[in-house]
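Here is how the chains run, residue by residue.
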Amino acid sequence: MIRPLHRWAGLGAALILSVTALSGAALSLYPAAGALSAVPLPDISAGHLAATLQDSVPGLEEIRVSAAGGITAYAFQDGAALRWAVDGATGEILAPAKRSALQLWLTNLHRSLFLGDAGRLVVAAASLAMLALTLSGLALTARRLGGWSRLLAPARGPLSRRLHLDLARLGGAALTLSALTGIWLAAGTFGLLPETGLPGFVPGGAAEMSPSAMAALRDLPLADLRQLTFPRPGSAGDVFTLRTVAGTGYVDPASGQMLAWTARGWADRLGDLAMMLHTGRGAALLGLLLGLAALSVPVLGLTGLAQQAGRRTAGAAGRRVRAVAPEAADTILLVGSEGGTTWGFAERLRAALTHAGSSVHVGPMSGFAPERYLRAQRVLILAATSGDGDAPGSAQGFLDRVAALGVAPAAPFAVLGFGDSAFPAFCGYADKVRAAARAAGWAELMTPARVDRQSPQDFARWVRALADRLGIALDLLPASAGPEPVRLRLVSRRDYGAEVQAPTAILRFALPRRSLWQRLTGGGFGPFLAGDLLAVLPEGDSRPRYYSLASGSSDGFAEICVRKHPGGLCSGQLMDLAPGDSVAAVLRPNPAFHAGQDEAPLILIGAGTGIGPLAGFARGNRAQRPLHLYFGARAPESDLLFGEDLVEWQKDGRLASVATAFSRTADRAYVQDLLRRDADRVAALVSQGARIMVCGGRDMARGVAEALEDILDQAGPALVRLKAEGRYVEDVY
Ligand SMILES: Cc1cc2nc3c(=O)[nH]c(=O)nc-3n(C[C@H](O)[C@H](O)[C@H](O)COP(=O)(O)O)c2cc1C
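About the criteria used
Residues numbered from 1 in each chain as written. Predicted model: local features only at pLDDT ≥ 70, side-chain atom pairs only at ≥ 80, totals over all residues. Heavy atoms only, no water. Axes fitted to C-alpha atoms, helices over the stretch in contact; angles between N-to-C directions. Helix = DSSP H or I, 4+ residues; strand = E, 2+ residues; numbered from the N terminus. Parallel < 35°, antiparallel > 145°, perpendicular 65-115°, else oblique. Contact = heavy atoms within 4.5 Å. Nonpolar A, V, L, I, M, F, W, Y, C, P; charged D, E, K, R; others polar. Polar contact = N/O pair within 3.5 Å; in protein donor to acceptor, adjacent residues only side chain to side chain. Buried < 20%, exposed > 50% of the residue type's maximum accessible area, 1.4 Å probe, protein only. Near = heavy atom within 4 Å. Areas by Shrake-Rupley, 256 points an atom, 1.4 Å probe, with all protein chains shown as cover. UniProt positions renumbered as here; feature names shortened; annotations may be inferred. Pairing = 2+ DSSP bridges. Core = buried A, V, L, I, M, F, W, Y, C linked by side-chain atoms within 4.5 Å.

Looking at an unreviewed UniProt entry, one finds the protein chain named NADPH--hemoprotein reductase, with Rhodovulum visakhapatnamense as its source organism.

If you want it as structure tokens, here you go:
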């Protein structure tokens, strides 16, 4: 609800807001320039100035004093209306007062876009849109950054998003103030605010006395005067009309007494305040600040548009989806995806089914709502597996909802699992989905199948089986292009492990150049963080192999650790790379394995190439968050990956402690042994809120989990609780 409000208010008003903001920024310079040249008002009475001017200016009609201290005299001479700036101290006429043509032009543009009342209405609507934008933007920022307490946390993501968030946070308060005061002023213009009227007219006497002798003006400090209108000469009974900071009244020219008086009400005072805050007249510095903030509006508009365009490109599959409502669809296609590739398969299936005459609703598994599937004849579930047989991001809560079903949906289901046969829990989550659905008594449409490493052949085979089952023809269009693989050029490599039969290398690749448009929209290669994945496409095979990144894009390179597997196609090709050679690769986000921004200690546990992302966290830890590394290798002299860096990072505080275990030395040990040795310290760190991140092989991860279970069993929260709270995360292979 908040995002559409923000998007549509932004899109609808971006242009007008940019025009009013830029003209407002230019106008804010005038009060500032005026304040620089202004002389303080002299400590004289309004009556004194009125008398002086009356003597020196024939046909004097009115004196006005602005909140910023400028004095203007108005007179009617020889059929012409004249106005002059006045020196308050001497009552001397300084120069004809005229507003510059540019200022007038800017004011007209700012207030009404040169369109009269219609323009004023449009500008007022744009001010309302601005208010909606700043408030909804505030809520979205808090949501994106993880709560109100993190409102000032650094922004992440493409340049456009960071710029948008940073500018909004910097100038948001000022823009809200400008919008609010602008709305108030517009409401006043359209007569929507209560106004304190003039007192009823009371005629005065005929004889005239000097204003300096009039009691009503004699005691009024010039600084409090706003406007004094003189009686028309020869007009019997006409009086002085006086407006001050406190109210409005009539002064008898014969007696100098106040004849009638109305004090200014709250609405007028608020109006004055709004005027001052909006224009900076009387508060020039604030005006300049507001003007400066207004300059951000066009940039906010452009960066907002760029994000919109980025979302359109990146998430097209996810969005097209909701085109058919669940109530109207005969086929419900539910997608469980972490990295986004399963959405691409869903889109191809949707297109094929739609072409065959079906009406298909596509949505995330987390949006499972069987009560809305009024016309559904089948529910097709495409479920990837993440973690170790766990639910992917877009399937959160699905199993609980199935378990809570009172009555199974009438339309039968079919599950297609997406996974990687290299994982022990191959398509483990899809299996859980099927088991839960069957346990709920839900009828199954066809036997389940699995797609290994996004194999197009596996997918096409299942689609053929589905077509047979439904008795229709389904034509799959060629796969739409996902993120285009880029070629990464190797810049350097560090080799380890040959002596211990574990040839391993740290490979550092140059970052491909990104165009400005790609930066703005989040396209191209990056940005990424340590812990994200590099999907490498080996020559001769279209299936990607995933490597954890040991660097973030802010490091200026992409680094991975590779161990050569006997007969391994991809690891073999990577290990053969020499500087200058390149490989094809795609970035895959892995947000579950990021170090995060908070200050809680991190216990990093890894073995072999599992050190990769952990080293990346240490390298990026310039804030010196307490990071405690437990690292297992075979022998110190042969495969201590990042050995020299670890020493340096410990010296400069990026690593609080480093403990190493070697399995091929005399005092053979594994990381889990180190954990047991440091049990008290580990338990203390966990009770201080530490998060544990484990990366490496499956056996190591199992040993580590067992050790931690024992340690925390004695002291501290149970490991399952840490897992549930996201304080124990694994990246295992
Ligand atoms: C961090 C991570 C963990 C994974 N864990 C498993 C797993 O336990 N079992 C499995 O079969 N596949 C696993 N996979 C493979 C994915 O399920 C597979 O690549 C799938 O096609 C990804 O689809 P998605 O891009 O829509 O998330 C894992 C992939 C990643 C990146």
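There is more to say after this.
**Details of the packing of helix α1 (residues 2-27) against helix α2 (residues 29-37)**
It is at 4 Å that the axes of α1 and α2 come closest, and there the two elements cross at 5°. The pairing of α1 with α2 is recorded here as roughly parallel in orientation. In this structure, α1 uses Ala25, Ala26 and Leu27 to contact α2, whose residues at the interface are Leu29, Tyr30 and Pro31. A class-by-class count of the residues in the contact of α1 with α2 yields six nonpolar, no polar and no charged.

**Details of the side chain of threonine 504**
Here threonine 504 shows up in strand β15 (residues 504-510). At 2.7 Å, the side chain of threonine 504 and the backbone oxygen of alanine 502 are in polar contact. Apart from residues lying up to four places away in sequence, threonine 504 is in contact with Arg494, Asp495, Tyr496, Val562, Arg563, Met575, Thr609 and Leu641.

**Digging into the side chain of serine 18**
With respect to the helices and strands, serine 18 occurs in helix α1. With a relative accessible area of 13%, serine 18 lands in the buried category. Excluding its chain neighbours within four sequence positions, the residues that come into contact with serine 18 are Val297 and Pro298.

**A few points about the site of the ligand**
Near the ligand lie 22 residues; those nearest to it are Ser337, Thr341, Thr342, Thr385 and Cys427. Between the ligand and glycine 389, the relevant distance is 3.1 Å, taken from an oxygen atom to a main-chain nitrogen or oxygen of the residue. Aspartate 420 is positioned such that a nitrogen or oxygen atom in its backbone is 3.0 Å from an oxygen atom of the ligand. Out of a free accessible area of 650 Å², the ligand has 93% covered by protein chains. Sorting the residues of the shell around the ligand by element identifies α12 (341-355) and β12 (413-419) as the ones contributing at least two each. Per-class residue counts for the shell around the ligand are seven nonpolar, 11 polar and four charged.

**Overview of unusual backbone geometry**
Notably, aspartate 78 is not glycine yet its phi reads approximately 50°, a positive angle. As for its placement among the helices and strands, aspartate 78 is situated in the loop between β2 (71-77) and β3 (80-87). The phi torsion at arginine 453 lies on the positive side, around 45°, for a residue other than glycine. Among the secondary structure elements, arginine 453 is positioned in the loop between β13 (449-452) and α15 (456-470). Accessibility expressed as a relative area gives 19% for arginine 453, which makes it buried.

**Some words on the UniProt feature "domain: Flavodoxin-like" (unreviewed entry) in the protein chain**
The sites that carry the UniProt feature "domain: Flavodoxin-like" (unreviewed entry) are, in the present numbering, residues 331-467. In the segment residues 331-467, helix accounts for 33% and strand for 21%; the C-alpha atoms at its two ends are 13 Å apart.

**Side note on the sheet that holds β12**
Across the sheet, five strands lie side by side as β10-β9-β11-β12-β13; this open sheet has parallel pairing. Two strands close off the open sheet at either side, each with one partner strand: β10 (360-364) and β13. Averaged over all pairs of adjacent strands, the angle between their axes in this sheet comes to 20°, without regard to strand direction. Bridge count for strand β9 (residues 331-336) against strand β11 (residues 378-384) is six bridges, and the pairing is parallel. By the bridge assignment, isoleucine 332 is partnered in β11 with valine 379.

**Some thoughts on the pairing of strand β5 (residues 225-229)**
Within β5, four of the five residues are buried, which leaves it mostly tucked inside the rest of the structure. Summarising the sheet, strand β1 (residues 60-65) and β5 pair through three bridges and their orientation is antiparallel. Note that in β5 the partner of arginine 64 across the bridge is glutamine 227.

**A look at the nonpolar core**
For soluble globular proteins, nonpolar side chains are generally found buried alongside one another. Among the nonpolar cores identified, the biggest contains 28 residues, and Ile603, Ile605, Tyr630, Ile692, Val704, Leu708 and Tyr728 are the most heavily contacted of them. Mapped by element, the contributors of at least two residues to this core are β20 (602-607), β22 (657-662), α21 (671-677), α22 (679-687), β23 (691-696), α23 (698-714), α24 (719-724) and β24 (728-732). In terms of residue count, α23 provides more of this core than any other element does, seven residues in total. Once you skip the residues sitting within four places of it in the chain, leucine 708 turns out to touch Ile605, Leu675, Val682, Ile692, Asp713, Leu719 and Tyr728. Residues Tyr496, Ala550, Ala595 and Ala615 belong to the second largest nonpolar core, which totals 27 residues.

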